[in-house]
Every structure is written in C-alpha cells, then in structure tokens.
Amino acid sequence: MKPYFAAALLSAFHLPATAVEIQGSISLQQRSFVESAQFSHQGDNQTSIAIEPELYLPWNDGQDAFIFTPFARLDSLDDERSHWDIQEAKWVHLRDDWEFELGLGIVFWGVTESQHLVDVINQTDQVETVNGDRKLGQPMAHLSLIRDWGVVNAFILPGFRERTFAGEKGRLRTPLVVNPDQAQYESSAKAKHIDFALRWSRTFGDWDVGVAGFKGTDREPILQPYNQNELVPYYQQMWQISTDIQATLGEWLWKIEALHKEGQFEHYQAGVAGFEYTLIGLADTNIDLGLLSEYNWDQRGLNASTPYQNDLFLGTRLVFNDVDGSEILLGVARDLEQMSYSGRIEGSTRFGQHWRLNLEAWLFYSSESNDPLYSLKDDDMLSINLEYFF
Amino acid sequence: MKKIYLPLSLTVALVATAAISPVLASDNQGLSIMQERKLRDTGWRSSEATLAMHLTNAQGQTSTRNLRMKNLEVAGDGDKSLSIFDTPHDVQGTAFLSFSHVTGADDQWLYLPALKRVKRIASRNKSGPFMGSEFAYEDLSSFEVEKYRYQYLGEADIGGEKTWKIENIPTDQYSGYSKLITWIDQQHYRVLKTEYYDRKSALLKTLTFSDYQAYEVKQETGDENKRFWRANLLAIENHQTGKSTKLNFSEYRFDTGLTEADFNKSKLKRAR
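These figures come from a predicted structure and were not determined experimentally.

## Describing helix 2 (residues 28-40) of chain B
For helix 2 of chain B, with 13 residues, the first-to-last C-alpha span of 18 Å sits near the 18 Å given by 1.5 Å per residue. Here the buried face of helix 2 of chain B lies against strand 7 (148-158), strand 8 (161-170), strand 9 (177-185) and strand 10 (191-198) of chain B.

Okay, here's the thing in structure tokens:
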C-alpha cells in the first residue's frame, strides 16, 4: 500500500484537497574488484548506500501533477561516486492528445540493448553503472503531441549537466583522473547554452519507427590533458540526426539505431543493428530464453572515443517467469578489429514484497593500449546490490 | 535441402489435417451459443478495475500482487488493455499495454519506470505466465468468437445452475492449449468454469468464475441500459504443479470515457 500523507500541510498553501504519494527505494551495494588496480591510489572494494524517493502530487484529477525524485549515494571509497542528483522535479500537464512537462526530467530514446546510441537528451551518470544506463536529470520544457500520424516530442533544454567521472581512488576510470571542476566549453554560454531537440515516432503495425534531431552541447565530452597529471572534459557544440527502428515479427525483434553527427572537429556516422529471438517455454518449462546479437559500428574506427567502433555483442537472457520475477542476462561485446572484449552476467530476483537482489559481474580484457577498454582491463568486478522498495 | 524437407512437411500437413479435420468446422449449436455469449458482452465500451492477485505454491506459501486494469472494447478485433502494477514494490509503476487480435500475435509494450523506457516485446508468449501466476496471457485476453472452433458437448449443472458444456479448439497455432472445455450458464451466457488441456491433451488447469455481478451501461441506441456480467473472483488451479492463483476484482467501473488515445504507447510513462 502506498503511504498517503494527510493534506494538512498542503491545504495551508490553498492547494486542492489531495495527497502526496511517496514511493522509492533504499539500496546497499558492495562492489569488489578481483584484480589489483592498474593505477595508483585505486581501491579494491567499495560499499555504498543509495536512496531514491519519489514524490507524486496530483491535482485536477491527475491532469496536473508535480513529481519530485531526488537521488543520493554515499560511497566508502570514491568521493566522486558519493553524489546526489535531482532525477525529476517537474510539473506535468496531461491532456488527451498533448502533454507538457516543465522542470528536471529523464527521457529515453532507442531500441537496442548493447548501447544506447541515439539516447541523447540526458547526460550519463557514469559513476553509477558500468553500462551507462543511469542518467542525470535534465532541465527541459517538453511538449508532446499525440496524433494519428505519430507522436511529436519537442524539447527546449536550458542548462547542461556535466558527466560524472570516477575519482582518483575509484575504479573504472581513465589512467589520468578527470577533473570535472575544470570543465571547458566551446560555447561562451558554457553550461547555460540552450539546446533543442525534436523527435517524431510512430507505430506502423509490427514496426516502431523514430526519427530525431538534436542541436546543442555534446553530452559526450572530449577529454583533454590538463596540468600534466589530469584530464578535463571539453564539451563541444554539435548537431545530430538519428533514427531508431524496431520490427516485432513473432519471436523476433529486429532493431537498428543510426546517427549522423557533426561536431567541432569531426563529423561521422555510427550505427548499431541486431536482433533478439525469444524461445518461449524452454523445454516445457515456464522459462523464456532470449538470444541477442547486435553489431556496433562507428565510422571513426579506432579513433572513436567509444569502444563500440566495430564490435559484436552476443547475449542471452533467461526470464524465469516465476513468482519472484527472476532473470539472468549474459553478454559479451567483442571487438572485431583488435583483441578486446567485455563480458557481463547480471541476475536479479525478488524476496517478498519489498526486496530485490541484483548480482552483477563484469569482465574486461584488452591488449591494445589505444583502446578505450584498456584502462578498465584490470577492473573485473563483482557487485551485489540489495534494494528495499517502499 | 528441399528433397529432405518436402516429404516431411507433407507428412506433417497430412497428419495435422487428419487430426484436426473433425473439428475444423464448429457445430452449429456450439457456435451459436458462443456468438450469443459475445453479443451479450458487446457494447460496454470501456472498463476499469482494481485487482488483487493471490499466488499460492504447492507448499501453500502465498504472495500477492496488486494491479489496475483498463480495457477498451474494439469492434471487429480483440480489445486493448493497459495494466499498471502497484505491488510488488520493485515493479511499481510498470505498465503493460496489449492490443489483442482475433488472428495473429498481439501487440505488446512494456514500460520500465527505472529506465523510463517503453519496450515493444515479442508477443508470441500467449502461453507464458502472467506475472508468475497460473494465468497465461491468453487466459486474460478478450474473448473473440474466431479464436476457437466449437463442439457442443451437452448440458450440465454447475452449482445448481444449468449450463451448456462446450469444447473450444484454439485456432491460433501459438496457443498453449490443445482444447478448452467451458461451461456456459443458460440464463446469462456467462462462463462458470473452464478446463484447460495442454498440448499433450492432458488436463492442465481449472478456472472457476464466481461472485458474478451485473453492471449497467447506457447504450447508444435505445433507452434501456444493457447489463454486463463480471465475475469478481477468478480462481485457477494447476493440476500438474499444485499451484493456484486467485484474482479478486474490485471497483469495477464501465464506460469510463477511455478512448483510443489512452492506449497509445507514448502514454505508458504517465500511467498511474
């Protein structure tokens, strides 16, 4: 049951009689790195706790709402991983065929699993997860039009969020520590530059299609040397157009994401395409077995800032369809040009009504010092995350 | 390669035809009862309900899920439904959108609140369990006459009510069942009981409907409200595993003003 808090406080502000709904989670995480660190000062273990409550205050019969979702993590090892963020702090106004939201929010674009190439609105909270799934709240004015001919999302994005980086003691970092306090920008407006984005998406039967454009500050920084033993992020201006398409044909999901991006120093194309096949009811059980394969390509080749320049991702997902919602995901991304790969196993299951346990293991290997994965090659990791939901 | 496959596929086709042919055509009595059943349940336009799902395993341990369901009647095709999960707490806010179809796979989308991601999912999982329960997705999707071929089996009494006993053979090759036997009450054409037989023709599950309640919905033509019957309790028992699931419906509301627009995938993230 959701805890409802009496509206006494709210009525003091003459808001309509309503109640705040609060939900969220508290989690305890242990990360252990099994190999000795590659760089000095790096630790081998980190324990952390995180909290993420979500407050939801509706009025006008839910047509309007205020949503507030702060987040904080306290980490025993890495000062940069001890951090907080406002994931959401927004007013949303919902109508039948249009919606408007104003404030901090998170928006996801895309269809593929091995990387989220076209997902460009939010900055990555890189210290949170290895796969970069976790994002930082982005200030936005966001209008959605929901029409027969598709959904249009228009964004004005005032204000920029800088990427987070592991600190000196943290693992999963570049050889030289990134100093985020010295971030530099191409635009004289720096983090106050106003960005724009527009997306159209539509379902045609078995096909889900999206086309998007973005113009503004690149979410991905160029890391530049600074003070001999540090790096600083440099945020250029860029624009890109992208598409993401999924065809859902029976047990087969066919997926593609592609973009063309023009920045200050280069312009290039990149793409990721592949499939997910689901074998339903494996060997007369309730278990579904998913087989995934995606090919990642970047025109810049070995000069690309991403490890996904010519890489094949192979994965398998076991969904147990049990009472506890248990799942296991196994994946390997292998570079096809040089000897480099990363592998992961993720498993999760529920205990009772409130608890979820996640286990994660990552393996990294690279023999080429110019490869972005090289600096992670000794960061093989086991992670246990126990989360309480309320 | 063809030389190997052609005879095999021919054999399969012949065997299949031989096996199915007695039931390829519905008998008139079975079909007309089912057509009347559908007719009596047409015209409710939209509905919303709150559900509690109680799962019991073979050892008697139970767990509960709470969800809300919104349904939109679609003329000439399967209905649209939106399920929003409230508990277990780790899936709170997860929303499941399904457009069921009379023939072919359903369209299904899942909203994952942690990633703010809407995912289109493979929908040949009709026979898969819904939320780890003993209900399969296909057990919960809307009844459409074309989904089965019918065979009238006779009359029977269920809890003092006179029923017709009818065999249903799924027309969809992806159904998890070889057949269903349903007991339809003769007064209101409501299903009182369904037996599910697995692909090997063994009895798999029994579903009983109870605590029926009538809801009145104003019709576009005529002054009379039409009555729609809904069971507040659905209890399903798996005879092969000993597990069972009870589904308690509450706060059923009809004709709530929902439209196609409310079942757009882009609205999943605002489902609450």
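## Comments concerning the interface of chain B and chain A
With 37 residues of chain B at the interface, the matching set in chain A holds 46 residues. Summed over both partners, the interface of chain B with chain A buries about 3,600 Å², with 47% contributed by carbon and sulfur atoms. Its largest share of buried area at the contact with chain A, chain B owes to H89(B), R120(B) and R272(B), together 20% of the area lost on that side. Across the chain B-chain A interface, the total number found is 8 salt bridges. A salt bridge links R350(A) to D90(B); the nearest nitrogen and oxygen atoms lie 2.9 Å apart.

## Looking at the environment of D262(B)
Looking at where D262(B) falls in the secondary structure, it is placed in the segment after strand 13 (244-254). Between the C-alpha atom of D262(B) and that of L82(B), which follows or precedes it by 180 residues, the distance is 9.0 Å. Those residues in contact with D262(B), other than ones at most four positions away along the chain, are D96(A), L82(B), G257(B) and K267(B).

## With respect to the pairing of strand 7 of chain B
All names here are of chain B. Relative to strand 8, strand 7 runs antiparallel, the two sharing 10 bridges. Within the sheet, the bridge partner assigned to Q151 lies in strand 8 and is E167. Turn length for the strand 7-strand 8 hairpin, with the two strands adjacent in sequence and antiparallel, is 2 residues, and the turn residue G159 shows positive phi of about 55°.

## A few points about the nonpolar core
Counting residues in hydrophobic clusters, the biggest one holds 43 residues, and the most contacted among them are I166(B), I184(B) and L234(B). The greatest single-element share of this core, amounting to 5 residues, is contributed by strand 11 (residues 203-218) of chain B. With near-sequence residues (within four places) excluded, I184(B) lies in contact with I33(B), M34(B), R37(B), K162(B), T163(B), W164(B), I166(B), Y189(B), R190(B) and V191(B). Listed in part, the 17 residues of the second largest apolar core include W109(A), L117(A), V120(A) and M140(A).

Criteria and cut-off values
Residues numbered from 1 in each chain as written. Chains lettered and ligands numbered in written order. Predicted model: local features only at pLDDT ≥ 70, side-chain atom pairs only at ≥ 80, totals over all residues. Heavy atoms only, no water. Helix = DSSP H or I, 4+ residues; strand = E, 2+ residues; numbered from the N terminus. Expected span 1.5 Å × (residues − 1). Contact = heavy atoms within 4.5 Å. Buried area = accessible area lost by both parts, 1.4 Å probe. Salt bridge = Lys/Arg side-chain N within 4 Å of Asp/Glu carboxyl O. Pairing = 2+ DSSP bridges. Core = buried A, V, L, I, M, F, W, Y, C linked by side-chain atoms within 4.5 Å. Buried < 20%, exposed > 50% of the residue type's maximum accessible area, 1.4 Å probe, protein only.

Functional significance is not addressed by these values, which are geometric in nature.
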